[in-house]
Amino acid sequence: MPPSIEKILRRFATLTPDMTRQALVQYAKKLPELPERFAGLDAAQFRVHECQTPVAIYPEVVDGRMYYHADVPRESAAIRALLAMIFDAVNGQPPETVLAIPPDFVRQVMGKIGLSAREAGLVAMVERLKRAAREAKQA
């Protein structure tokens, strides 16, 4: 497992539910705004339809390294937090780093705070990142 992903999982494994919520709020504030160069693209092509919240994830590959950007409503703190922590861990890394995110990553990070109703959408976002990484490897 990549050290950047392992670090996140180690941190969240030690947190209480209240501390987990606080950490997620901090991460949510770190998600950068969508770069202007993506504003003109058709968001429907990048939307994560499995998620109840309108989320669009924009992957790009620069010199063989993955970079992700997202358009997420401000009020969607859990989604913003999840994407901010993953983007921080994988942006600028090769596709293999993204592909090494464990399948239970969402549950490990957010399982303590009762987001099971949202889990399918959150997992779908991680799968969208992995799909872009697989496509980048094949290109």
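For the structure, check the block above.
Just so we're clear, the structure is a prediction, and the values are computed from it rather than from any experiment.

A. Highlighting the environment of E60. Here E60 is to be found in strand β1 (residues 56-62). For the pair E60 and M125, spaced 65 residues apart in sequence, the C-alpha separation works out to 15 Å. Those residues in contact with E60 that lie beyond four places of it in its chain are R37, F38, R65, M66, Y67 and H69. At 2.8 Å, the side chain of E60 forms a polar contact with the side chain of H69.

B. Region of the structure containing the nonpolar core. Core analysis: the largest hydrophobic core is formed by 44 residues, its most contacted members being I57, Y68, L83 and F105. For this core, the elements supplying multiple residues, two or more each, are α1 (3-13), α2 (17-30), β2 (65-71), α3 (77-90), α5 (105-110) and α6 (119-138). The element best represented in this core is α3, accounting for ten residues. The residues touching L83, leaving out its near neighbours within four places in the chain, are L31, V55, I57, A70, V72 and M125.

C. Spatial organisation of the packing of α2 against α3. Contact pair α2 / α3: the axes reach a minimum separation of 7 Å and the direction vectors enclose 75°. Classified by the angle their axes make, α2 and α3 are roughly perpendicular. Every residue of α3 that contacts α2 at L24, Y27, A28 and K30 is listed here: A77, R80, A81, A84 and M85. A class-by-class count of the residues in the contact of α2 with α3 yields seven nonpolar, no polar and two charged.

D. Molecular detail of the packing of aromatic side chains. Enumeration over the complete set of coordinates arrives at four aromatic pairs. Taking the centre distance of 5.3 Å and the plane angle of 40° together, the rings of F38 and Y58 count as tilted. One end of the pair, F38, is in the loop between α2 and β1; the other, Y58, is in strand β1, with 20 residues separating them in the sequence. Ring geometry for Y68 versus F87: centroids 5.9 Å apart, planes at 15°, classification stacked. With a gap of 19 residues between them, Y68 in strand β2 and F87 in helix α3 connect regions that are remote in the sequence. A single burial state applies to Y68 and to F87, both of which are buried. Linked through ring pairs, F38, F46 and Y58 together constitute an aromatic cluster. Geometry around F12 places R11 over its ring, the cationic atom sitting 5.9 Å from the centre.

E. Up close: the pairing of β1. Sheet topology note: the β1/β2 ladder contains seven bridges and is antiparallel. Paired with P59 across the two strands is Y68, which belongs to β2. The loop that links β1 with its antiparallel partner β2 comprises two residues; one of these, D63, has a positive phi angle of about 50°.

Criteria and thresholds
Residues numbered from 1 in each chain as written. Predicted model: local features only at pLDDT ≥ 70, side-chain atom pairs only at ≥ 80, totals over all residues. Heavy atoms only, no water. Helix = DSSP H or I, 4+ residues; strand = E, 2+ residues; numbered from the N terminus. Contact = heavy atoms within 4.5 Å. Polar contact = N/O pair within 3.5 Å; in protein donor to acceptor, adjacent residues only side chain to side chain. Core = buried A, V, L, I, M, F, W, Y, C linked by side-chain atoms within 4.5 Å. Buried < 20%, exposed > 50% of the residue type's maximum accessible area, 1.4 Å probe, protein only. Axes fitted to C-alpha atoms, helices over the stretch in contact; angles between N-to-C directions. Parallel < 35°, antiparallel > 145°, perpendicular 65-115°, else oblique. Nonpolar A, V, L, I, M, F, W, Y, C, P; charged D, E, K, R; others polar. Phe/Tyr/Trp six-rings, centres within 6.5 Å; stacked < 30°, edge-to-face > 60°. Lys NZ or Arg CZ within 6 Å of the ring centre and 35° of its normal. Pairing = 2+ DSSP bridges.

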